[in-house]
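Notes for the structure review
These are the residues of each chain, in order.
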Amino acid sequence: MGLRHSQFLTTLTFLALHSLAQSADAQMTPQSRPSSLAGRSTVYAPNGVVATSQPLATGAALRVLQEGGNAFDAAVTAAAVLNVVEPHMTGMGGDMFALFWSAREGRIGGLDASGRSGSLATADTILALGMDDVPYRGARAVTVPGALSGWVALLERYGSLSLAEALAPAIEVARGGFPVTPIIAEQWRGTEGVLRRDPGARATYLLDGDRGPEAGEWFRNPDIAESFSLVAREGPEALYGGSLGSRIVETVREQGGFLTLQDLRDHQPEWVEPISVDFRGYRVWELPPSGQGIAALQMLEILEPFDLVSMGHNSADYLHHLVEAKKLAFADIARYVSDRDHLEGDPQALLRSDYIQGRRSLLDPSRAAERVDPGRPFDHGETIYLSVADREGNMVSFINSVFEYFGSGVVSPGTGFVLQNRGAGFTLEEGSPNRIGPRKRPFHTLIPGFVTKDGEPLMAFGVMGGSMQPQGHVQLLLNLLVFGMDPQRAVDSPRFRSYNGTRLALEAPIPDDIRTALEAMGHRLMDESRVAFGGAQLVMRLDRGWAAASDPRKDGMAAGH
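**Some remarks on the overall build of the chain**
- Of the regular secondary structure elements, the chain holds 19 helices and 19 strands.
- When the 561 residues of the chain are sorted by exposure, 63% land in the buried category.
- Accessible surface for the chain amounts to roughly 20,000 Å². Of this, 48% is attributable to carbon and sulfur atoms.

**Observations regarding the pattern of salt bridges**
- Tallying each qualifying case throughout the model produces 21 salt bridges.
- Measuring nitrogen to oxygen at the nearest pair gives 2.7 Å for the salt bridge that ties R283 to D278.
- A relative accessible area of 26% means that R283 is categorised as partly exposed.
- Residues R515 and E528 are paired through a salt bridge, measuring 3.5 Å at the closest nitrogen-oxygen approach. Within this pair, whereas R515 is found in helix α19 (residues 512-520), its partner E528 is found in the loop between β16 (524-525) and β17 (535-541), the two being separated by 13 residues in sequence. There is no split in this pair, since R515 and E528 are both buried.
- When salt bridges that share partners are traced, they join R495, E507, D551 and R553 into one network.

**Section: the pairing of strand β10 (residues 384-389)**
- Summarising burial for β10: six of the six residues are buried, a large majority.
- Residues of β10 alternate between two faces, with I384, L386 and V388 on one and Y385, S387 and A389 on the opposite face, all of them buried.
- Here β10 folds back onto strand β11 (residues 395-401), and the loop between the two strands holds five residues, one of which, G393, carries a positive phi near 100 degrees.

**Examining the packing of helix α6 (residues 163-176) against helix α10 (residues 222-234)**
- The contact between α6 and α10 brings their axes to 8 Å, and the two run at 165 degrees. Viewed along their axes, α6 and α10 adopt a mutual orientation that is roughly antiparallel. For the pair α6 and α10, the crossing hand works out as left-handed. In this structure, α6 uses L163, A164, L167, A170, I171, A174 and R175 to contact α10, whose residues at the interface are P222, I224, A225, E226, F228, S229, V231 and A232.
- Among the residues making up the contact of α6 with α10, the classes are represented as 12 nonpolar, one polar and two charged.

**Side note on the side chain of R495**
- Summarising the element assignment, R495 is placed in the loop between α18 (487-492) and β14 (496-498).
- Polar contacts involving the side chain of R495 include one to the main-chain carbonyl oxygen of G534, which spans 3.3 Å.
- Within polar-contact distance, the side chain of R495 engages the side chain of D551 at 2.8 Å.

**Section: the sheet that holds β14**
- An order of β14-β15-β16 is seen for the three strands of this open sheet, with the pairing classed as mixed. Single-partner strands in this sheet number two, and they are β14 and β16.
- Judged from the two bridges that link them, strand β15 (residues 503-506) and β16 form a sheet pairing that is parallel. Note that in β16 the partner of L504 across the bridge is L525.

**With respect to α19**
- Among the residues making up α19, those that are buried are I514, R515 and L518. For α19, the angular spread of the buried residues around the axis is 100 degrees, confining them to a single face. In α19, the exposed positions angled more than 90 degrees off the buried face are occupied by D513 and A520.
- On its buried face, α19 sits against α15 (316-336), β15 and β16.
- Looking one or two residues past α19, G522 carries a phi angle of roughly 105 degrees, positive in sign.

**Description of the sheet that holds strand β18 (residues 546-550)**
- Taken in spatial order, the seven strands line up as β1-β18-β17-β13-β12-β9-β8 in an open sheet, and their pairing is antiparallel. In this open sheet, the two strands that pair with only one neighbour each are β1 (43-45) and β8 (275-279). Between one strand and the next, the sheet's axes are offset by a mean angle of 20 degrees, whatever the strand orientation.
- In this sheet, strand β12 (residues 449-453) lies alongside strand β9 (residues 282-286) in antiparallel orientation, the contact comprising three bridges. Of the residues in β12, the one forming a bridge with R283 is T452.

**Remarks on the packing of helix α13 (residues 293-303) against α15**
- Close contact between α13 and α15 brings their axes to 9 Å; oriented N to C, the two are set at 135 degrees. Put simply, α13 runs oblique to α15. You can see that α13 and α15 cross each other, and the crossing is right-handed. From α13, I294, A295, Q298, M299, I302 and L303 reach across to α15, where they touch H321, L322, A325, K326, L328, A329, F330, D332 and I333.
- Its residues placed into classes, the contact of α13 with α15 shows 11 nonpolar, two polar and two charged.

**Some details on the environment of R40**
- Looking at where R40 falls in the secondary structure, it is placed in the loop between α1 (5-28) and β1.
- The exposure class assigned to R40 is buried, which follows from its relative accessible area of 18%.
- Only 3.3 Å separates the side chain of R40 from the backbone oxygen of S550, close enough to count as a polar contact.

**Focus: the packing of aromatic side chains**
- What the rule picks out here adds up to 13 aromatic pairs.
- An angle of 65 degrees between the planes, with centres 5.9 Å apart, marks the rings of W188 and F406 as edge-to-face.
- Judged by its relative accessible area of 0%, W188 falls in the buried class.
- Taken together, the ring pairs connect F178, W188, Y205, F219 and F406 into an aromatic cluster.
- Over the aromatic face of W285 sits the side chain of R283, whose NZ or CZ is 6.0 Å from the ring centroid.
- The side chain of K326 reaches across the aromatic face of F330, ending 4.5 Å from its centre.

Definitions and cut-offs
- Residues numbered from 1 in each chain as written.
- Predicted model: local features only at pLDDT ≥ 70, side-chain atom pairs only at ≥ 80, totals over all residues.
- Heavy atoms only, no water.
- Helix = DSSP H or I, 4+ residues; strand = E, 2+ residues; numbered from the N terminus.
- Buried < 20%, exposed > 50% of the residue type's maximum accessible area, 1.4 Å probe, protein only.
- Areas by Shrake-Rupley, 256 points an atom, 1.4 Å probe, with all protein chains shown as cover.
- Salt bridge = Lys/Arg side-chain N within 4 Å of Asp/Glu carboxyl O.
- Pairing = 2+ DSSP bridges.
- Axes fitted to C-alpha atoms, helices over the stretch in contact; angles between N-to-C directions.
- Parallel < 35°, antiparallel > 145°, perpendicular 65-115°, else oblique.
- Left-handed = near helix turned anticlockwise from the far one by under 90°.
- Contact = heavy atoms within 4.5 Å.
- Nonpolar A, V, L, I, M, F, W, Y, C, P; charged D, E, K, R; others polar.
- Polar contact = N/O pair within 3.5 Å; in protein donor to acceptor, adjacent residues only side chain to side chain.
- Arc of directions from axis to C-beta.
- Phe/Tyr/Trp six-rings, centres within 6.5 Å; stacked < 30°, edge-to-face > 60°.
- Lys NZ or Arg CZ within 6 Å of the ring centre and 35° of its normal.

Below, the structure is given as structure tokens:
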């Protein structure tokens, strides 16, 4: 990686200023309901493309591609930089998943690098503490952080860089500092109360121990630079049983959590077989449970026979059908999706044509359902997402998260990164396959997406944002595959987000007449001003060259070479 230090910083500074200028332009527009979110063009490039949620990460990944690294190298490099520059969303203290196309193997593959609950975690323990639910924040919500194991697995099997080389740009940015981008700064400041509750988090992420950074304000994190340097020297064992892991376990134990050092030592990522459905000549791929990707596939299957084009894009009829399909799919994942080792049956049963037909028959085309029950499929009594493609044809769909903003809110002092709160994905419900227990994976929201056409890779895509992810996947795919939008317009297009019952949020550009019609169908519209509608990134193969798009709802950007 022979680019000089000064050239690297110049590249990153240019990309950062370009993104900040775009954000500033957006902030200067009137706040009345706009007709469109559009303001960027699709990026086209001959050799390779990158789309991430922060420009410094895009610049670091692009540098890897320009210097001969491949898409796997670039994805891990970007993920590490995002740990530094978008720390409330992602990092070494979280989990990661990937769908990818290996040009060498000529196939699609999947990686699940999610961690399990601690061996001391039991429902009885939590109930004995007088709690009615699994804790949402704090040390008792911490599960084994799997992300680093996934970074290493991708590099070792498919990459060309060492772990130390992939971590080097993140170490450089963390030590030298960077100006915080606007959307990240706003979200960071909104979580100050969580950070103040933990000494390590307060010291790491609050300036003067009191406040988050403003947009454009300089921020450094020398502690994570040291943690990354330790991992670069000693390998992942530094976290999974070594000195770094010991510090984390000590902090979690002192605060009443359930992790042991042996839990870290025993952690392993898993290569998994993706699941998929055919949709109008394309094959759409998701990872199997414990993630919620199967909900996106169910939604597509339920919607398959409807004439969506005749309904009209984002018409009341169109949005109603999508929302009702979402309710049916989400009722199923709430009941049946959990750790693969604890499923009641084969998750493919949720995609059987006869089962889908039965679920589709419950969709009332003119009335919003107040409540949807799960079916009986078995035969018995906010997050970062990035995508990269390279000149060899490798494509990586990559997602990494600490779950809620700043995860558990717990930082082991001096480590520089927050621990995730994935334990909040468990339940205390008797009989649920997702009931908390020792060394179980919780229900997971993280879902990278992928599309192939005629057995060849077409697109790596994702939409970050908790329960927004399957809904966002389907909306983005329909924009592209049904309505023929170009990548950036498909990303920009206004979205809905459906919540429990009939609660529904519509993004600002959706006009008032559509809102009135949906309310007449029984949908209860929410104030959208505080709703997150996700953040998409995608890369797409062309007949020759590549296309990429990055969501204006985030600070990021797409770039190519």
